[in-house]
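Coordinates in review
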Amino acid sequence: MSIFQKLFKQTFIYGLATVLPRMLSFLLVPLYTDLLPTDEYGKVSIIFSYFVLFNVILAYGMETAFFRFFNKEKDKDSVVSTSTISLLISSFAFFALALALKDQIALLTDIRADYIQLVIWILLLDALVIIPFAWLRANERPIRYSVIKILNVAVNLGLNVFLLKFLIPLSEDFSGLNRFVFEDYEINYIFISNLVASALTLLLLLSFYVKVNYRFNLHLWKKMMKYALPVLVAGVAYSINETFDRILLDYLLPKDLAEHMVGVYSACYKLALFMTLFATAFRLGIEPFFFNYAENKNAPETYARITKFFVAFGAVILLAVIVFVHILKQFIILDTSYWEAIKIVPIILLANLCLGIYHNLSVWYKITDRTKFGAYISIVGAVLTLILNFILIPKYNYMGSAVATLAAYGSMMILSWYFGRKYYPIPYNLKKIGTYLSISITFSILSFYVFDSNYFISIPLLLLFLVILYASEKRELKNIISRPKS
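One structure accompanies this document, and this report is about it. (Residues numbered from 1 in each chain as written. Predicted model: local features only at pLDDT ≥ 70, side-chain atom pairs only at ≥ 80, totals over all residues. Heavy atoms only, no water.)

On to the nonpolar core. Nonpolar side chains in soluble globular proteins generally cluster together in the buried interior. Grouped together as the largest cluster of nonpolar side chains are 134 residues, with contacts concentrated most on Tyr303 and Ile344. Residue contributions to this core peak at 12 residues, all from helix α16 (residues 345-361). (Core = buried A, V, L, I, M, F, W, Y, C linked by side-chain atoms within 4.5 Å. Buried < 20%, exposed > 50% of the residue type's maximum accessible area, 1.4 Å probe, protein only. Helix = DSSP H or I, 4+ residues; strand = E, 2+ residues; numbered from the N terminus.)

In structure tokens, the structure reads:
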């Protein structure tokens, strides 16, 4: 059981590094929804949607390829140097081209050029830390990884609070500060805070670039790109699934209504972040383990058990957030004008649980070098997202986007399981997984839609589910928690 203990320890540490940065979204939602009208928050959400897409494009699957070849190749230094040089060239090429075309981009996207300039700088800085962070994870240095990630959060959060809450009053007392107060300062300050935090993160990782032996192995690079490009396609498709609903809401709804709808949808979407945090932390901790453990004869059985526990914990989070969603919204979304979209939360939570299960199931195509299947599956999800959003948004606005998200992620989950059976059979305990999901979804529907979050009914349902889980997994949980005998 030491393998599981090591896995859960690393997952916990990486979880902190993931949860705390993503908690920034939670911590900033009260600030943004308190200061920004729904339409202004909608503008910020649309820009961050483009962020997700271009972060994926600038990484172009090289992070995943780095992990695969770092564990596969004997010459690890060559993997490090080749991937580093590749990302350096592509990042600076993008930076130069994007700056030159920023006015045209502003015209095309209907986003102000000064916002776009800040975004371009942030994208460059974020791209330059991809391989340094991957190197820390591959060398099992989660503490350093976590400290830098957490510091990024602290700086970003602190600057957001200072610039948005305190700079204006200070500028009235100290006239010298007036030059730092911009027109529409709130949105500018949001991106300036991101820029400073990203610059500090790169500064802390600069020692990595000093240590790299800059030798470019063209043959290795071609193999890495062959592996990475399907991951890029999958990543672009994922970004469409994850963020294009905001862009399409803005595009398909009447202009006087669109940014308001995007604002309330994006704010309430944040309440599903509990599931995203759990799934992402689990994936970060488990991805290196999947590659390292692939040659072990017991790998399929181990992967099956890991997925079962992921589903069990995810099912608890799904039900718990739904039970307490009306309490959570009061602390996270301060302006009640945003609450109209609260009905999307159960749908988005379930969608993100399906996405988390999909990432666990995707181990088969990553360790068998069939990443093209990841691209195919993600493209199916992206096509579903686009088609359903175009069909449903005009009639159901953001509820249509929520349903499209669930349909896309649910389909991806089922397709990955279906194809995985053929190429890398894993003995998943479908009976238990199906039971946990069914009970959690049924109790969630009863709690939210039937009894309207009546706590005298909802809380006992949550406790009953916990009892069922514990009774079913008691022996295995005790084995995992207990220390191995010396």
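After presenting the structure, the write-up continues.
Right, let's get into the environment of Leu118. Relative to the helices and strands, Leu118 is located in helix α6 (residues 113-127). On the accessibility criterion, Leu118 (14% relative accessible area) is buried. Spatially, the C-alpha atom of Leu118 lies 7.2 Å from that of Leu195, the residues being 77 residues apart in sequence. Setting aside residues up to four positions removed in sequence, Leu118 forms contacts with Asn188, Phe191, Ile192 and Leu195. (Contact = heavy atoms within 4.5 Å.)

Turning our attention to the pattern of salt bridges. A pair can form between side chains of opposite charge whenever their charged atoms are brought close. Under the counting rule described, the total for this entry stands at 6 salt bridges. Glu63 is paired through a salt bridge with Arg137; the nearest N and O atoms lie 3.2 Å apart. In this pair, Glu63 sits in helix α3 (residues 62-72) while Arg137 sits in helix α7 (residues 130-138), placing the two residues 74 residues apart along the sequence. Residue Glu473 is joined to Lys308 by a salt bridge in which the shortest nitrogen-to-oxygen separation is 3.0 Å. With a gap of 165 residues between them, Glu473 in helix α21 (residues 455-481) and Lys308 in helix α14 (residues 299-323) connect regions that are remote in the sequence. Since its relative accessible area comes to 7%, Lys308 is described here as buried. Through salt bridges with shared partners, a single network forms among Lys308, Lys432 and Glu473. (Salt bridge = Lys/Arg side-chain N within 4 Å of Asp/Glu carboxyl O.)

We now examine the layout of surface pockets. In this structure, the largest pocket encloses a volume near 830 Å³. Lining the largest pocket are 28 residues, and of these Tyr50, Ile105, Thr109, Asp110 and Ile111 sit closest to its centre. Mapped by element, the contributors of at least two residues to the lining of the largest pocket are α2 (38-59), α4 (76-100), α5 (102-109), α6, α11 (218-252) and α12 (255-269). Top contributing element to the lining of the largest pocket by residue count: α2, with 6 residues. (1 Å grid on protein atoms, 1.4 Å probe; cavity = no way out; pocket = protein on both sides within 12 Å on 5 of 7 lines; lining within 4 Å. Points joined across faces, edges and corners; volume = space filled by probe spheres on them.)

All right, on to the packing of α3 against α11 then. Between α3 and α11, the shortest axis-to-axis distance is 8 Å and the interhelical angle comes to 125°. As judged from the angle between their axes, α3 and α11 are oblique. Our pair here, α3 against α11, has a crossing hand that is right-handed. Contact residues: α3 offers Met62, Thr64, Ala65, Phe66, Arg68 and Phe69, while α11 offers Leu220, Trp221, Lys223, Met224, Met225, Tyr227, Ala228 and Val231. Residue classes in the contact of α3 with α11 are distributed as 11 nonpolar, 1 polar and 2 charged. (Axes fitted to C-alpha atoms, helices over the stretch in contact; angles between N-to-C directions. Parallel < 35°, antiparallel > 145°, perpendicular 65-115°, else oblique. Left-handed = near helix turned anticlockwise from the far one by under 90°. Nonpolar A, V, L, I, M, F, W, Y, C, P; charged D, E, K, R; others polar.)

Attention now goes to unusual backbone geometry. Phi at Asn397 is positive, roughly 45°, even though this residue is not glycine. Its place among the elements puts Asn397 in the loop between α18 (371-396) and α19 (398-423). Owing to a relative accessible area of 22%, Asn397 belongs among the partly exposed residues under this scheme.

So, about helix α15 (residues 325-332). When we look at burial in α15, the residues that qualify are Val325, His326, Lys329 and Ile332. Looking straight down α15, one finds that the buried residues subtend no more than 130° of arc, so they occupy a single side. (Arc of directions from axis to C-beta.)

The subject of this paragraph is the packing of aromatic side chains. Counted by the stated rule, this structure contains 29 aromatic pairs. When the centroid spacing of 6.2 Å and the interplanar angle of 35° are considered together, the rings of Phe54 and Phe94 count as tilted. You can see Phe54 sitting in helix α2 and its partner Phe94 sitting in helix α4, a full 40 residues away along the chain. In this structure Phe54 comes out as partly exposed when scored by relative accessible area, which is 31%. Members of the aromatic cluster, each reached through a chain of ring pairs, are Trp364, Tyr365, Phe373, Tyr376, Tyr418, Phe419 and Tyr423. The lysine or arginine in question, Lys149, covers the ring of Phe133, its NZ or CZ lying 4.4 Å from the ring centre. Above the plane of the ring of Tyr269 lies Arg246, whose end atom (NZ or CZ) is 4.2 Å from the centre. (Phe/Tyr/Trp six-rings, centres within 6.5 Å; stacked < 30°, edge-to-face > 60°. Lys NZ or Arg CZ within 6 Å of the ring centre and 35° of its normal.)

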